[in-house]
Amino acid sequence: LASTAVTCFTRGLDLRKETEDVLCPANCPLWQFYVFGDGVYASLSSICGAAIHSGVITNAGGAVRIQTLPGQENYPAVNANGIQSQVLTRWASSFSVTRSKNTALEAVGRSVSTARPSTGTRPLPQGNKYCKADIAFLIDGSYNIGQRRFNLQKNFVGKVAVMLGIGTEGPHVGVVQASEHPKIEFYLKNFTAAKEVLFAIKELGFRGGNSNTGKALKHTAQKFFSLENGARKGIPKIIVVFLDGWPSDDIEEAGIVAREFGVNVFIVSVAKPTTEELGMVQDIGFVDKAVCRNNGFFSYQMPTWFGTTKYVKPLVQKLCSHEQMLCSKTCYNSVNIGFLIDGSSSIGDSNFRLVLEFISNVAKAFEISDIGSKIAAVQFTYDQRTEFSFTDYTTKEKVLSAIRNIRYMSGGTATGDAISFTTRNVFGPMKDGPNKNFLIVLTDGQSYDDVRGPAAAAQKAGITIFSVGVAWAPLDDLKDMASEPRESHTFFTREFTGLEQMVPDIIRGICKDFLDSKQ
């Protein structure tokens, strides 16, 4: 039979084929099912749970057909057939469930519905590509927690790891144990499948000693996220600190170090200190001082290590909200830079190549990715041509290749029109995005139209303008286009070969504006 016997907990993402007939066992515990959506289910959902939820089978089990579907946004929460499905804002793939057309399998299902099936499954390697994160779980291995609660903590971390959707394109995780001295148990690069991570977590031994969480947090921020240990450029770095009770050392300084390293610190506190213990706590407000931002988002409380399943999903949703990772935001990974390139006849082919080289050198400095910085380019004469928009290329290599392939137009100079075109068509779709917007205008001459009005409108729309003039570009025009303070946003060189020296100043200017906007 072309079919797969599955367990109560096999998920849609564990199946290999686009359409597959599976056999659900009988008497699955309904309260243990994870189901997300209604009719169309996130592939994170239990197959048999979804089948019961949708009414295709009952809890007596049976044969169902799974159809893989694309990912979507907003899976709703609906209570049906004894199962409460849950909300999920976004997931990479989905599935639907119908009755199996495999009559032989249906017969087998009726005769062996109480038999224990083998899993016969293999997780897809790419993982949840909508959740971009490199995560260190900093677990409590101190005498505070003790062996029994340490094991419950491991179970919880395992559930979080599975729900994250670990994979090559999804989140990567590692574990550090805090006790007398921190121990990195495994790095981001060691495992890229949930099954391997679960096994590694299960094998962790309890160390004991004081809960020197501050020491462990500082060590993790400084040593864990190196490129050779598996950290990825442009992906948010996160440390999830688990604390049972209180830290026995200073955690504030460690929080400062983590922020300096661009790491987002979450603190999951379980079981607050008892009245007797409070006297030993160095700083009662330690959580607020250690987290990335004291805004409520980065702290998470659980009353006890027992019955923690319901706390898994809300924590996972936080960890996958990359736009909320404020400590990852730097000028290098959180800007949109549009280049407005003069393609008029006075420039000539060889100088146009120097302009493209200048643009490449500026773009090269930034961490370009689908969740990082983005680059766009428009060339203009009297007309405008979008060479590529912010969403066309999401890797540095592709952006640099696209810049190299820009063909020189040749014609007149209508800079004002070009600024209006770029504001509307290139920056317009990005106006509600998380990144700060910059426009670099490069021109070598007098514009035939007004530049002041269009530049003011662009700035009003939240775009910071740097004007770069070469040769005959009038200083008045350049200053009229530039953002305030105009002196630091206006650049001029007599020769095209002088563009190269401006690159560091432009990058520094973008970073200064970015930091000033975050104050």
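For the structure itself, consult the block above.
A quick note: this is a predicted structure, and the numbers were derived from the prediction, not measured.

### Quick word on the pairing of strand β18 (residues 436-443)
Counted residue by residue, β18 has eight buried out of eight residues, so it is predominantly covered. By the alternation rule, side chains of β18 split into Lys 436, Phe 438, Ile 440 and Leu 442 and Asn 437, Leu 439, Val 441 and Thr 443, which are all buried. Examined bridge by bridge, strand β15 (residues 335-342) and β18 share seven bridges and lie parallel to one another. Its bridge partner lying in β18, Leu 340 is registered against Val 441. As paired strands, β18 and strand β19 (residues 463-470) are joined by seven bridges and run parallel to one another.

### Regarding the packing of aromatic side chains
In the structure shown here, the tally under the stated rule is 21 aromatic pairs. When the centroid spacing of 6.1 Å and the interplanar angle of 15° are considered together, the rings of Tyr 34 and Phe 36 count as stacked. Tyr 34 sits in the partly exposed class, given a relative accessible area of 24%. Take Phe 36: its relative accessible area is 0%, and that puts it in the buried class. Taking 6.0 Å as the distance between ring centres and 35° as the angle between the ring planes, the aromatic pair formed by Tyr 41 and Phe 95 counts as tilted. With Tyr 41 in strand β4 (residues 40-42) and Phe 95 in strand β8 (residues 88-99), this residue pair connects regions lying 54 residues apart in the sequence. Of the two residues, Tyr 41 and Phe 95, neither departs from the other in class, the shared state being buried. Feature note: the residues Phe 137, Phe 156, Phe 242 and Trp 305 constitute an aromatic cluster, connected by ring pairs. When the ring centre of Phe 297 is taken as reference, the NZ or CZ atom of Lys 318 above it lies at 4.8 Å. One Lys or Arg, Lys 436, reaches over the ring of Phe 438 and ends 5.4 Å from the middle of that ring.

### Description of the side chain of Asn 212
By the secondary structure assignment, Asn 212 is in the loop between α4 (194-202) and α5 (213-223). Polar side-chain contacts of Asn 212 include one of 3.1 Å to the backbone oxygen of Glu 180. Not counting chain neighbours up to four residues away, the residues in contact with Asn 212 comprise Ser 179, Glu 180, Ser 248 and Asp 249.

### Section: the packing of helix α12 (residues 415-427) against helix α13 (residues 452-460)
Look at α12 against α13: their axes get within 8 Å of each other, and the N-to-C directions meet at 20°. When the interaxial angle is binned, α12 and α13 end up roughly parallel. As for how α12 packs across α13, the hand of that crossing is left-handed. Across from Gly 416, Ile 419, Ser 420 and Thr 423 in α12, the residues of α13 making contact are Pro 454, Ala 455 and Ala 458. Broken down by class, the residue content of the contact of α12 with α13 amounts to four nonpolar, three polar and no charged.

Thresholds, definitions, all that
Residues numbered from 1 in each chain as written. Predicted model: local features only at pLDDT ≥ 70, side-chain atom pairs only at ≥ 80, totals over all residues. Heavy atoms only, no water. Buried < 20%, exposed > 50% of the residue type's maximum accessible area, 1.4 Å probe, protein only. Helix = DSSP H or I, 4+ residues; strand = E, 2+ residues; numbered from the N terminus. Pairing = 2+ DSSP bridges. Phe/Tyr/Trp six-rings, centres within 6.5 Å; stacked < 30°, edge-to-face > 60°. Lys NZ or Arg CZ within 6 Å of the ring centre and 35° of its normal. Polar contact = N/O pair within 3.5 Å; in protein donor to acceptor, adjacent residues only side chain to side chain. Contact = heavy atoms within 4.5 Å. Axes fitted to C-alpha atoms, helices over the stretch in contact; angles between N-to-C directions. Parallel < 35°, antiparallel > 145°, perpendicular 65-115°, else oblique. Left-handed = near helix turned anticlockwise from the far one by under 90°. Nonpolar A, V, L, I, M, F, W, Y, C, P; charged D, E, K, R; others polar.

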